[in-house]
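Reading the structure
Below are the chains, spelled out letter by letter.
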Amino acid sequence: MATLRIPAHVPAPSEDAEQLHKAFEGWGTNEQLIIDILAHRNAAQRNSIRKAYREAYGKDLLKSLDEELSSDFERAVVLFTLDPAERDAYLAYESTKKFTSSNCILMEIACTRSSYELFNVRRAYHARYKKSLEEDVAHHTKGDHRKLLVPLVSAFRYEGEEVNMTLAKSEAKILHEKISHKHYSDEEVIRIVTTRSKAQLNATLNQYNTAFGNDINKDLEASDDEFLKLLRAAIQCLTAPEKYFEKVLREAIVGLGTDEWALTRVVTTRAEVDMVRIKEEYHRRNSVTLEKAIAGDTSGDYEKMLLALVGAGDV
């Protein structure tokens, strides 16, 4: 469900590569030309542009972007230009490093990508960093967080819509029993959350709501426990990702200062996936459009890039 405005006539990759090369030449960089091209090409087209650029100029386009751009604008352009699996591998690697560690981002990647997308992330990670995503996640996490995250990033869930209602009822009962006794990291809870298809998990959570009169997220809510927050976010990412991403965007924009890293990550990773639904959820939840919120909290080329990616046009 993309929101990118791809021109009716898209120039050949070689033409785009030539225009980008021109944007880097001379005394100043033509940032608007970079936005006009890269923010309006889909993943396959961007990959073709990178290939054409390397063939024509003997250099990786990403390296040229890194040399010519700076700050939040550079991060937004580079992240979006990356192939989606390559981008996720980069974000996951960053999330296992000491100063940029984030269990939440690892969970987000594991739970909001399809099984095939996650498989490609693991493959890209292996190719780029010469080790497995699973081993890095296991090495950089501990305790209950490791217990949840390693099977999440290792998962290859069934992607179909078929559900087993008998199983949904029995597993809803298991979840309720464990959560009632505050056994949040019980192996049965971990097994259900990390192995069941998204359709099956939705059926189980609907049964949970019907049988016990409460949404599971409500039963996981009242705590400052970091593992519980991660478990709750994982369930939301698996069943209602637009609600999860709306919250990340709201927290990035609202209040003192802007969390540009979170804002950039969500916009660049979801622009070609479910940005329409995220925008609808944001508007419903905040009574203001996401475009207006971004325009009010960012500026310059960074603002222009983000607005192009959310499909805003001129605000």
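Residues numbered from 1 in each chain as written. Predicted model: local features only at pLDDT ≥ 70, side-chain atom pairs only at ≥ 80, totals over all residues. Heavy atoms only, no water.

- The name recorded for the protein chain in an unreviewed UniProt entry is Annexin, from Hibiscus sabdariffa.
- Its UniProt record, at the heading Sequence similarities (unreviewed entry), says of the protein chain: "Belongs to the annexin family." (UniProt positions renumbered as here; feature names shortened; annotations may be inferred.)

**Remarks on the packing of helix α5 (residues 71-81) against helix α17 (residues 260-270)**
- As a packed pair, α5 and α17 sit with axes 9 Å apart at the nearest point and diverge in direction by 25°. When the axis of α5 is compared with that of α17, the two are roughly parallel. Our pair here, α5 against α17, has a crossing hand that is right-handed. Between α5, through Asp72, Arg75, Ala76, Leu79 and Phe80, and α17, the contact on the second element is made entirely by Glu260, Trp261, Thr264 and Thr268.
- Residue composition of the contact of α5 with α17, by class: 4 nonpolar, 2 polar and 3 charged. (Axes fitted to C-alpha atoms, helices over the stretch in contact; angles between N-to-C directions. Helix = DSSP H or I, 4+ residues; strand = E, 2+ residues; numbered from the N terminus. Parallel < 35°, antiparallel > 145°, perpendicular 65-115°, else oblique. Left-handed = near helix turned anticlockwise from the far one by under 90°. Contact = heavy atoms within 4.5 Å. Nonpolar A, V, L, I, M, F, W, Y, C, P; charged D, E, K, R; others polar.)

**Considering the packing of aromatic side chains**
- Under the criterion given, the structure shown has 9 aromatic pairs.
- Arranged with centres 5.2 Å apart and planes meeting at 85°, the rings of Tyr116 and Phe156 form a pair that is edge-to-face. Of this pair, Tyr116 sits in helix α8 (residues 115-129) while Phe156 sits in the loop between α10 (143-154) and α11 (165-180); the two residues are 40 residues apart in sequence, bridging distant segments of the chain.
- Among the aromatic residues, ring-to-ring pairing joins Phe24, Tyr53 and Tyr57 into one connected group.
- Over the aromatic face of Phe80 sits the side chain of Arg46, whose NZ or CZ is 3.8 Å from the ring centroid.
- Taking NZ or CZ as reference, Arg75 lies 3.8 Å from the ring centre of Trp261, over its face. (Phe/Tyr/Trp six-rings, centres within 6.5 Å; stacked < 30°, edge-to-face > 60°. Lys NZ or Arg CZ within 6 Å of the ring centre and 35° of its normal.)

**A look at the nonpolar core**
- With 92 residues, the main nonpolar core has Ile34, Leu65, Met107, Leu231, Leu263, Ile294 and Met305 as its most contacted residues.
- At 9 residues, the largest contribution of residues to this core is made by helix α15 (residues 226-239).
- Setting aside anything within four residues of it in sequence, one finds Leu263 in contact with Leu249, Ala252, Ile253, Thr258, Ile294, Thr298, Tyr302 and Leu306. (Core = buried A, V, L, I, M, F, W, Y, C linked by side-chain atoms within 4.5 Å. Buried < 20%, exposed > 50% of the residue type's maximum accessible area, 1.4 Å probe, protein only.)

**Details of the environment of Asp88**
- Relative to the elements of secondary structure, Asp88 occurs in helix α6 (residues 84-95).
- As for Asp88 and Ser48, which are separated by 40 residues in sequence, their C-alpha atoms are 19 Å apart.
- Those residues within four positions of Asp88 in sequence are excluded, and the remaining contacts are Ile109, Arg113, Val121 and Thr269.

**Remarks on the pattern of salt bridges**
- This model, assessed by the stated rule, comprises 24 salt bridges.
- Measuring nitrogen to oxygen at the nearest pair gives 2.8 Å for the salt bridge that ties Asp16 to Arg41. Here Asp16 is found in helix α1 (residues 13-24), whereas its partner Arg41 is found in the loop between α2 (31-38) and α3 (43-57), with 25 residues between them in sequence.
- Classification of Asp16 as buried rests on a relative accessible area of 3%.
- Among the residues examined, Arg41 registers a relative accessible area of 4% and is labelled buried.
- Residue Arg122 pairs with Glu134 through a salt bridge whose shortest N-O separation is 3.6 Å. Remark: Glu134 occurs in helix α9 (residues 133-140) and Arg122 occurs in helix α8; sequence separation between them is 12 residues.
- Note on Glu134: relative accessible area 24%, which makes it partly exposed.
- Among the ionic contacts, a cluster of salt bridges with common partners joins Arg50, Arg54, Asp60 and Glu86. (Salt bridge = Lys/Arg side-chain N within 4 Å of Asp/Glu carboxyl O.)

**Some thoughts on the side chain of Thr268**
- For Thr268, the position within the fold is in helix α17.
- A relative accessible area of 1% places Thr268 in the buried class.
- In terms of polar contacts, Thr268 uses its side chain to reach the backbone carbonyl oxygen of Arg265, at 3.3 Å.
- With sequence-adjacent residues up to four places away left out, Thr268 is seen in contact with Ala76, Leu79, Phe80, Arg87 and Leu309. (Polar contact = N/O pair within 3.5 Å; in protein donor to acceptor, adjacent residues only side chain to side chain.)

**Considering unusual backbone geometry**
- Positive phi, close to 60°, is recorded for Ser71, a residue that is not glycine.
- Topologically, Ser71 is positioned in helix α5.
- Take Ser71: its relative accessible area is 55%, and that puts it in the exposed class.
- One non-glycine residue with positive phi stands out, namely Lys130, at about 60°.
- Position of Lys130 relative to the elements: it lies in the loop between α8 and α9.
- Judged by its relative accessible area of 67%, Lys130 falls in the exposed class.

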